[in-house]
Every structure is written in structure tokens, then in C-alpha cells.
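Residue strings, one per chain:
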Amino acid sequence: EKGNYRHFMQKEIFEQPTVVAQTLGSYLRRDDYSVALPQFDFDISSVRRLTIVACGTSYYAGLVAKYWFEQFARLPVDIDVASEFRYREPVLEDGGLALFISQSGETADTLAALRHCKEEGQTIGVVVNVPTSTMAREADLLLPTHAGPEIGVASTKAFTCQLAVLAALAAHMAVKRGLMSRAKETEVVQHLLEAPACLNAALDHDDDIASMAHLIAPARDVLYLGRGQDYPLALEGALKLKEISYIHAEGYASGEMKHGPIALIDEDVPVVVIAPSGPLFEKTVSNMEEVRARGGKVVLISDAQGIKDAGEGCMATIEMPKVHPLIAPLVYAIPVQLLAYHVAVVKGTDVDQPRNLAKSVTVE
Ligand code: F6R
């Protein structure tokens, strides 16, 4: 039931603080601030290489997680969309862990990739939202997200719950590999446990986002830019917008703008820049200035500091709470989801059942 919400997607966006807290609750221990994964029969510290495979939004969760597995666990990560992975004869090391991410647990391409990896002797990890799904049944290491049923075709709460599980897994692997001290683990767990409150603070900006949606709705094309772990968020923002509002949108790594896409910039192409303040901020702002110098209209999504430093001259700004970088991808998912949602509402499209899309893609 939709309750007081207009659409399932809207309801699911607003459920995120609760379901992320639920999901974190089953991977993090509050009594001693440690990460606790389900027991399984495989020595995770022996993994030398991680292979991540997924489709769509779930793939973007994997892209974010790649930063975490590299940064915390110093693990080499190979990641691909399932439809490409399956047919490129990937090289899989003995004793490797292959990780599949899926809301439905039924996506045909992802399932085919999973079965291929199983045949090749990989240990199969599955991050999945439907506990009774095919992928859940075929997993060696089952890592459930506790997002509850996701009805809206565009994935929202499943994404942030996937991120929560993946962050816990990356921290766990770092601990097992001897790369994360007890003190650091405590700190990471504390930051993760701050996520639900920060998601709530992000949701408080719903009205601001609703009131600027009319600036994006008339556009034919929209670009999203992000750097580092915010780059996958740019891809996710663009995917959400095209799925439900039918506006053509592309996500780019901020630094790639000048290698081509900048040719598209004029006053009719809004550019959404996802840039929390921090070490990468200045670099992204200089890419944003390149856009502005060509007449581009920028929507800056940042925190108060970032908006103070770089918000002047933007068409609009969306203020997020100041958060630890580890949870920034979860928090910044909210404004990109809400922006797509409100633009679709302005355009009057069918938000929960966009044309040509099915919730679960069971054909290859
Ligand atoms: C985007 C979306 C799709 C799915 C993709 C994978 O909003 O919903 O891109 O993310 O089809 O689906 P699952 O996660 O069920 O494997």
C-alpha cells in the first residue's frame, strides 16, 4: 500500500532511513562496534581477487563498492555488467570470490554469469533483496539486503541497502586481511551507523528539490558529473532520470568532460554536479567552471561548505548534510532519486510503471 504517498517510488525513497538501518543492523554489532557477517564455509581472507557482476542500478552499487574494496581491503576488483561479462571469457583465478548484486535475484544476465562462475569453481557471493530468489538459492555466501518489497520499477531503496551491505563486506574483508585495526573498524562501524540519520536529513530537502524540478523538466538532455565514488552516483542519477522522465541523460566522470562531452554544453543542457566538499572537491569545481564558461546551467549537489565555496552562479543548489565520505554515496543517492522523481511528476509520466520497462528482467 502506498499510504500517504503518491507513488510507490516516493514511498520507497522515504523508507530508506528505516530499511538501511534494518540492513545495517544485521551486519554491524552495536555492542562492540564490529562487523559481523553470516558464517560460511570459506576462508574469506584467502581471496586474492574479487569479481563483481550485476546490471543497471545494482551494477552502480558495485561500482561504488569497488572503491571500498580497494581502499579498505586493498583487493583488486574486476567489475562488469552481466551481459558483457558472460561472453568475454573473463579470467577467473582459482579460489576467487565472485559477487553478484541483484534486487530481484532473478535477472537473467546476472544469473547466467553466476552459473558460469560456479562452473569455473568460483565461490559465489550474492547480495540480494528477495531471499527466496534463484540467486539466493544458488549462493555460497548469501548477503541479504533488508529493503522489503520494492514495487516501483525504478530501483531506489534496494540500491542504498546494497551499498550498506557492500560497505560492511569491504570492512569485514579488510579486517580479515589484517588491514583494518580494531580502532579503525570501530570508527567505520560508527560512521555506517550514522547513515540512517543522515538519510533523514537528506530527505528534509524534498521540498527544495520539488520546487526546482521545473528547471530540469523542459530539458532534452541532462548531464550528471561526479568524481571518485560520486562518479557511479552520476551514472545512477542519469539512469533514474531517463527511466522515469524519458529525458535523455548521461553520467560522466567529471574529468572526462573535456575529452568530448563538453561539446554538448549550451544553455539548454542542465548539468547536475554531485560534489560533497572534501579532497576531490576543487578538481570537480574546476570541471564545473569549464561547463559554466560555456553557458552551461549547473545544479550543484553538495554540503553547506561546498555550496558556500562554489554555489554562486549555479542555476540551483541542493544542500546535503555534511557526512563522512564513507556514507556519502548513500546520502547523495537521495537527491538524485528525488530529482528524477519530481521531474517525472512535473512531466506527468507514469513513475511506478515507466514505459518499456519491467521490474525483473528475466530474458537475456
Ligand atoms: C534501475 C533498475 C534496473 C535494475 C536492473 C537490475 O532503476 O531498476 O536497472 O537495477 O534491471 O535488476 P536486479 O537488481 O533485480 O538484478
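Scroll up to find the structure this text is about.
These numbers come from a predicted model, not from an experiment.

A tally of regular secondary structure across the protein gives 14 helices and twelve strands. The C-alpha atoms of the protein give a radius of gyration of 20 Å, which matches the 21 Å a tight globule of 364 residues would have. Seen through its C-alpha atoms, the protein measures out along the principal axes to roughly 55 × 45 × 45 Å. Taking all 364 residues of the protein together, 59% fall into the buried category. Restricting the contact set of the protein to residue pairs at least 6 apart, pairs at least 24 apart contribute 76%.

Around the ligand, the structure places 14 residues, and the nearest of them are Ser58, Ser102, Gln103, Thr107 and Glu243. Within the contact set of the ligand, an oxygen atom lies 2.6 Å away from a side-chain nitrogen or oxygen of Ser58. At a separation of 2.9 Å, an oxygen atom of the ligand approaches a polar backbone atom of Ser155. In isolation the ligand offers 410 Å² of accessible surface; the protein chains occlude 89% of this area. Under a 2 Å grid-point criterion requiring more than half of the atoms, the pocket assigned to the ligand is the largest pocket. For the shell around the ligand, the secondary-structure elements that each account for two or more residues are α3 (56–73) and α11 (231–245). When grouped by side-chain class, the residues that make up the shell around the ligand number four nonpolar, eight polar and two charged.

Ranked by internal contacts, the top residues of the largest apolar core, which has 99 residues, are Trp68, Phe69 and Tyr224. Val285, Val298, Leu300 and Ile307 belong to the second-largest nonpolar core, a separate cluster that totals 18 residues.

Approximately 560 Å³ is the volume found for the largest pocket. Forming the walls of the largest pocket are 24 residues, and the residues nearest its centre are Gly56, Thr57, Glu243, Lys359 and Val361. For the lining of the largest pocket, the secondary-structure elements that each account for two or more residues are α3, β5 (97–102), α5 (108–119) and α11. Taken together, the residues that form the lining of the largest pocket break down as nine nonpolar, nine polar and six charged. Approximately 440 Å³ is the volume found for the second largest pocket. Along the walls of the second largest pocket sit 26 residues, with Gln229, Asp230, Pro279, Leu280 and Pro325 positioned nearest its centre.

This next bit is on the sheet that holds strand β11 (residues 297–303). Pairing is parallel in the open sheet, where five strands are placed in the order β9-β8-β10-β11-β12. Pairing within the sheet leaves two strands with one partner each, and these edge strands are β9 (248–253) and β12 (316–320). With direction set aside, neighbouring strand axes in the sheet form an average angle of 20°. Pairing of β11 with β12, which is carried by five bridges, proceeds in the parallel orientation. In the strand pairing of β12, Ser302 is matched with Glu319. Along the sheet face, helix α10 (residues 206–216) touches β8 (221–226), β10 (270–274), β11 and β12 and points at about 145° away from the line of β12.

The end-to-end C-alpha separation of α3 is 25 Å, in line with the 26 Å expected for 18 residues at 1.5 Å each. Within α3, 13 of the 18 residues are buried, leaving the element largely enclosed by the surrounding structure. One or two residues past the end of α3 sits Arg74, with phi positive at roughly 50°.

This next bit is on the packing of helix α7 (residues 157–176) against helix α14 (residues 328–347). Relative orientation of the contacting elements α7 and α14 amounts to 175°, with a least axis distance of 9 Å. With respect to each other, α7 and α14 are oriented roughly antiparallel. Each of Phe159, Thr160, Leu163 and Ala164 in α7 lies in contact with α14, whose residues at this interface are Pro329, Leu330 and Ala333. Considered class by class, the residues forming the contact of α7 with α14 number six nonpolar, one polar and no charged.

What counts and what doesn't
Residues numbered from 1 in each chain as written. Predicted model: local features only at pLDDT ≥ 70, side-chain atom pairs only at ≥ 80, totals over all residues. Heavy atoms only, no water. Helix = DSSP H or I, 4+ residues; strand = E, 2+ residues; numbered from the N terminus. Rg over C-alpha atoms; globule rule 2.2 N^0.38 Å. Buried < 20%, exposed > 50% of the residue type's maximum accessible area, 1.4 Å probe, protein only. Contact = heavy atoms within 4.5 Å. Near = heavy atom within 4 Å. Polar contact = N/O pair within 3.5 Å; in protein donor to acceptor, adjacent residues only side chain to side chain. Areas by Shrake-Rupley, 256 points an atom, 1.4 Å probe, with all protein chains shown as cover. 1 Å grid on protein atoms, 1.4 Å probe; cavity = no way out; pocket = protein on both sides within 12 Å on 5 of 7 lines; lining within 4 Å. Sits in = over half its atoms within 2 Å of the grid points. Nonpolar A, V, L, I, M, F, W, Y, C, P; charged D, E, K, R; others polar. Core = buried A, V, L, I, M, F, W, Y, C linked by side-chain atoms within 4.5 Å. Points joined across faces, edges and corners; volume = space filled by probe spheres on them. Pairing = 2+ DSSP bridges. Axes fitted to C-alpha atoms, helices over the stretch in contact; angles between N-to-C directions. Expected span 1.5 Å × (residues − 1). Parallel < 35°, antiparallel > 145°, perpendicular 65-115°, else oblique.

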